[in-house]
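# A structural walkthrough
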Amino acid sequence: MRSRRGGAASFAAAAAAFLLLLYAMPAFAPLFARAFPDVRPPIYRFQSFPMLFLSHAEIVAASSLAATAAALALGIFVTRPAGREFRALLGALAAIGQSVPPVAVLAIAVPVLGYGARPTFVALTLYGFLPILANVIAGIEGVPAAVREAAQGMGLSPFQVLRQVELPLAAPVILAGIRISVVISIGTATIGSTVGAVTLGTPIIDGLVSDKLPYVIEGAAVVAFFAVLADMAFERIGRRLRAYAENAA
Amino acid sequence: MIELDGVVRVYGGRRVVDGVSLVVPTGALCALVGSSGAGKSTTLRMINRLVPMSAGAIRIDGTDVTTVPVEALRRRIGYVIQSIGLFPHWTVAENIATVPRLLGWPRERIAARTDALLALLRLDPDSYRDRYAHQLSGGQQQRVGVARALAADPEILLMDEPFGALDPITRDALGAELALIHRETRKTIVFVTHDMDMALKIADIVAIMHEGRIVQQGAPLDILERPADDFVREFVGRAAIGLKLLALRHVGESMRPGLAAAGEPVDEAAPLSEALSQMVMRRTDRIPVRDAEGAVTGSVVLADLVRRA
């Protein structure tokens, strides 16, 4: 396993490289101009990349927060004695939400919510909900029965069992679900630009519509880098959560 | 004092506990013994209400347990289980501090109590308090489990096959330490086990359960000398009852003072079964006895063992 300090250094380096890519995109103009002499200008310019990134990140953050809050609330509910009977139903609903393509959600949501960020937020929230829910349930149910019995036997109230035992032990699994959900959302958010949301998908869609390949490459490169960076960030948080297990060996 | 009064637990249409009545006086160690599925654990778990009663009543010092808020009840009762159930995300010290923390003890008092309990369970506080469960052996984990149960100084300790998952040597060592802790603290202990030898060795009262009922209860000696029926006789080990009786008596009880004998002396406090074993190995019928100070005070004679048993 890499040392914690080494992990921090490589994350900082990756973050710096990402910022450089965002702000120094115009510097790549000669490169793109040589590869694609027909495209003028060679770099997407209608909106700056830092601004596109901020808007993209905002939509992903909002929808991921909403999906996480909903998945936590419902996942905790169906693992309580009172909610156990709703577990199968909720699982089925979440699976349906996952199987409807985000594009279809957008098509349905636009007439109701109009163009822009809002239908994208709805689509991403629905789509990001299942991976988190699945991990909330798996994480809580993965708490060893003996640990739960000991907690109850010592007089922890149901809320204390949840707060002090189940959630901390499930946290690494739940975080893994959020990580998957966020990384998927970062990629999926790009299609929001088909309905007018400002995201890193905007240059991609523009490039596809007007047949300007460099814009597609530029947008895709930033999105991919963003996803990798987010994944690294979650990896670091996850490692901190599992600190107690790391004192092994 | 714990009183169980006609306690019944129906599960899936079956009476897994079928009218159990039992009195455990304050300070006594009661072993619930029986084969798997006899209803021992269910009976135990009804005392701290982890399992609801279908009928009957359980009183602790005269108070019906169902009239006390369940969390308050459980914080007054130490609970140890076979699978231990240490919280893996907490250190040893934090595990032990669970109930004191729930009760809102000040930090210094918790720290002092934690260290005292670690020492009581023979774990050096300085090297163990900051470890996590997965860094301990099974025996050490259960020591922490026992310390955790004792943390808030409960009047009652419920133990559900606490040493069942440990190797025989660790099991015997922890059994002996539990007997010692019981002698020092005089806690009221209910101890579930299927290990008859352990029960006979450490319990004041043995209750033998079979198919949800108590078939016999009494002092270990009573049960060995007067087994109620064939099931009990079989369960306590029909062929070896004589040896087990000897194991419950001390050399001092059968000693002939002043009688001389050859060879290495046995301790006055050792069980008579040990003296018999020594006689067999040394091919002799008498062995000298020494007192606690090491002075030879007499001898134990084979014929007396047979007569006394």
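Small disclaimer: the values here were computed from a predicted structure and weren't measured. (Residues numbered from 1 in each chain as written. Chains lettered and ligands numbered in written order. Predicted model: local features only at pLDDT ≥ 70, side-chain atom pairs only at ≥ 80, totals over all residues.)

## So, the overall build of chain B
In plain terms, the rule: Segments assigned H or I by DSSP are reported as helices when at least four residues long, segments assigned E as strands when at least two residues long, and all are numbered from the N terminus. Put simply, the radius of gyration uses C-alpha atoms, and a globule should come to 2.2 Å times the residue count raised to 0.38. Residue burial here comes from a neighbour count, namely the number of other C-beta atoms, placed from the backbone, that lie within 10 Å of the residue's own C-beta, with 20 or more meaning buried, 12 or fewer meaning exposed, and in between meaning partly exposed. Two residues qualify as being in contact provided that their C-beta atoms, derived from the backbone, are within 7 Å of each other.
A tally of helices and strands in chain B yields 15 helices and 14 strands. Its C-alpha radius of gyration of 22 Å places chain B within 12% of the 19 Å reference for a compact globule of 309 residues. Taken over the C-alpha atoms alone, chain B extends approximately 60 × 50 × 30 Å along its principal axes. By residue count, 41% of the 309 residues in chain B fall in the buried class. Considering only contacts in chain B between residues 6 or more positions apart, those separated by 24 or more positions represent 62%.

## Some points on the domain arrangement of chain B
Rules: For the purposes of this description, domain bounds are those given by an automatic or database domain assignment.
We note that the domain assignment places domain 1 (2-237) and domain 2 (249-308) within chain B. Taken over C-alpha atoms, the centre of domain 1 of chain B sits 35 Å from the centre of domain 2 of chain B.

## Re the environment of A:Ile191
Among the structural elements, A:Ile191 can be located in the loop between helix 8 (158-188) and helix 9 (201-209). Setting aside residues up to four positions removed in sequence, A:Ile191 forms contacts with A:Pro102, A:Val103, A:Leu106 and A:Gly201.

## Section: the sheet that holds strand 1 (residues 2-11) of chain B
All names here are of chain B. Threshold: We treat two strands as partners when DSSP finds at least two bridges between them. Lines fitted to C-alpha atoms define the axes here, with helix axes fitted over just the stretch in contact, and angles between the N-to-C directions of these axes take values from 0 to 180 degrees.
Spatially, four strands are ordered 2-1-4-5 in an open sheet, and the strand pairing comes out antiparallel. Two strands in the sheet have a free side with no partner beyond their single neighbour: strand 2 (14-24) and strand 5 (63-64). Across five bridges, the pairing between strand 1 and strand 4 (residues 55-60) is antiparallel. Opposite Leu-4, over in strand 4, you have Ile-58 as the bridge partner. Of the strands in this sheet, strand 1, strand 2 and strand 4 are in contact with helix 1 (residues 40-47), which crosses strand 1 at around 120 degrees.

## What to know about unusual backbone geometry
Note: most peptide bonds trans; most residues except glycine with negative phi. Between A:Arg40 and the following residue, A:Pro41, the backbone shows a cis peptide bond with an omega angle of -15 degrees. With respect to the element layout, A:Pro41 can be found in the loop between helix 2 (29-35) and helix 3 (49-78). Of note, B:Arg49 is a non-glycine position whose phi angle comes to about 65 degrees, a positive value. Tracing the chain through its elements places B:Arg49 in the loop between helix 1 and strand 4. The phi dihedral of B:Asp61 is positive, around 50 degrees, even though this residue is not glycine. Accessibility expressed as a C-beta count within 10 Å gives 11 for B:Asp61, which makes it exposed.

## What to know about the nonpolar core
Short version of the rule: In this usage, the nonpolar core is the set of buried Ala, Val, Leu, Ile, Met, Phe, Trp, Tyr and Cys residues whose C-beta atoms join them within 7 Å.
If you look at the biggest cluster of nonpolar residues, it comprises 126 residues, and the most contacted ones within it are A:Leu133, B:Cys30, B:Val190 and B:Val206. It is helix 6 (residues 117-141) of chain A that contributes the most residues to this core, 15 residues altogether. Setting aside anything within four residues of it in sequence, one finds B:Val206 in contact with B:Ala31, B:Val33, B:Ala199, B:Leu200, B:Gln217, B:Gly218, B:Pro220 and B:Ile223. Grouped together as the second largest cluster of nonpolar side chains are eleven residues, B:Leu246, B:Met255, B:Leu272 and B:Leu305 included.

## What about the interface of chain B and chain A?
Keep this limit in mind: For this classification, Asp, Glu, Lys and Arg are treated as charged, while Ala, Val, Leu, Ile, Met, Phe, Trp, Tyr, Cys and Pro are nonpolar and the rest, including Gly, are polar.
Across the contact, 19 residues belong to chain B and 16 residues belong to chain A. For the side of chain B that touches chain A, the secondary-structure elements that each account for two or more residues are helix 2 (70-75), strand 6 (77-81) and helix 4 (98-102) of chain B. Partitioned by chemical class, the residues of the side of chain B that touches chain A number nine nonpolar, seven polar and three charged.

## Things to note about the environment of B:Ala260
All names here are of chain B. By the element assignment, Ala-260 lies in the loop between strand 11 (256-257) and strand 12 (266-267). Under the C-beta neighbour-count criterion, Ala-260 is labelled exposed, with 10 such atoms within 10 Å. In this structure the C-alpha to C-alpha distance between Ala-260 and Leu-29, which are 231 residues apart in sequence, comes to 39 Å.

## Describing the sheet that holds strand 7 (residues 156-160) of chain B
Residue and element names in this part refer to chain B. Strand order in the open sheet made by the six strands is 6-7-8-3-9-10, with mixed pairing throughout. Sheet topology places strand 6 and strand 10 (213-218) at the edges, where each strand pairs with a single neighbour. Across the sheet, the mean angle from the axis of one strand to that of its neighbour is 15 degrees, orientation sign disregarded. Packed onto the sheet, helix 7 (residues 138-150) meets strand 6 and strand 7 and runs at close to 165 degrees relative to strand 6.

## Focus: the environment of B:Glu177
Note on placement: B:Glu177 falls in helix 8 (residues 168-185). Remark: the alpha-carbon pair of B:Glu177 and B:Ala119, spanning 58 residues in sequence, is separated by 12 Å.

## Focus: helix 14 (residues 272-282) of chain B
Residue and element names in this part refer to chain B. This is how it is decided: Each C-beta atom gives one direction from the helix axis, and the arc is the one those directions make.
Turning to helix 14, its buried residues number three or more, namely Leu-272, Ser-273, Ala-275 and Leu-276. Seen end-on, helix 14 carries its buried residues on one side only, within an arc spanning 160 degrees. Once helix 14 finishes, Arg-283 follows within two positions and takes phi at roughly 50 degrees, a positive value.

## Side note on the packing of helix 8 of chain A against helix 10 (residues 213-241) of chain A
Residues and elements named next belong to chain A. Put simply, the rule reads: Here is the rule for angles: anything less than 35 degrees is roughly parallel, anything more than 145 is roughly antiparallel, 65 through 115 is roughly perpendicular, and the remaining ranges are oblique.
With their axes 9 Å apart at the nearest point, helix 8 and helix 10 run at an angle of 175 degrees to one another. One element, helix 8, and the other, helix 10, form an angle in the roughly antiparallel class. Residues Ala-171, Pro-172, Leu-175, Ala-176, Arg-179, Val-182, Val-183, Ile-186 and Gly-187 of helix 8 lie in contact with helix 10, whose contacting residues are Val-223, Phe-226, Ala-227, Ala-230, Asp-231, Phe-234, Ile-237, Gly-238 and Leu-241. Among the residues forming the contact of helix 8 with helix 10, the class breakdown is 14 nonpolar, two polar and two charged.

## Some remarks on the packing of helix 5 (residues 102-113) of chain A against helix 6 of chain A
Residues and elements named next belong to chain A. The test is simple: The handedness criterion is simple: a crossing whose near helix is rotated anticlockwise from the far helix by less than a right angle is left-handed, and one whose near helix is rotated clockwise is right-handed.
The contact between helix 5 and helix 6 brings their axes to 8 Å, and the two run at 140 degrees. Between helix 5 and helix 6, the interaxial angle falls into the category oblique. Of the two elements, helix 5 crosses helix 6, and the hand of that crossing is right-handed. Seen from helix 5, the contacting residues are Pro-102, Val-105, Leu-106, Ala-109, Val-110 and Leu-113; seen from helix 6, they are Arg-118, Pro-119, Thr-120, Val-122, Ala-123, Leu-126 and Tyr-127. Taken together, the residues of the contact of helix 5 with helix 6 sort by class into eleven nonpolar, one polar and one charged.

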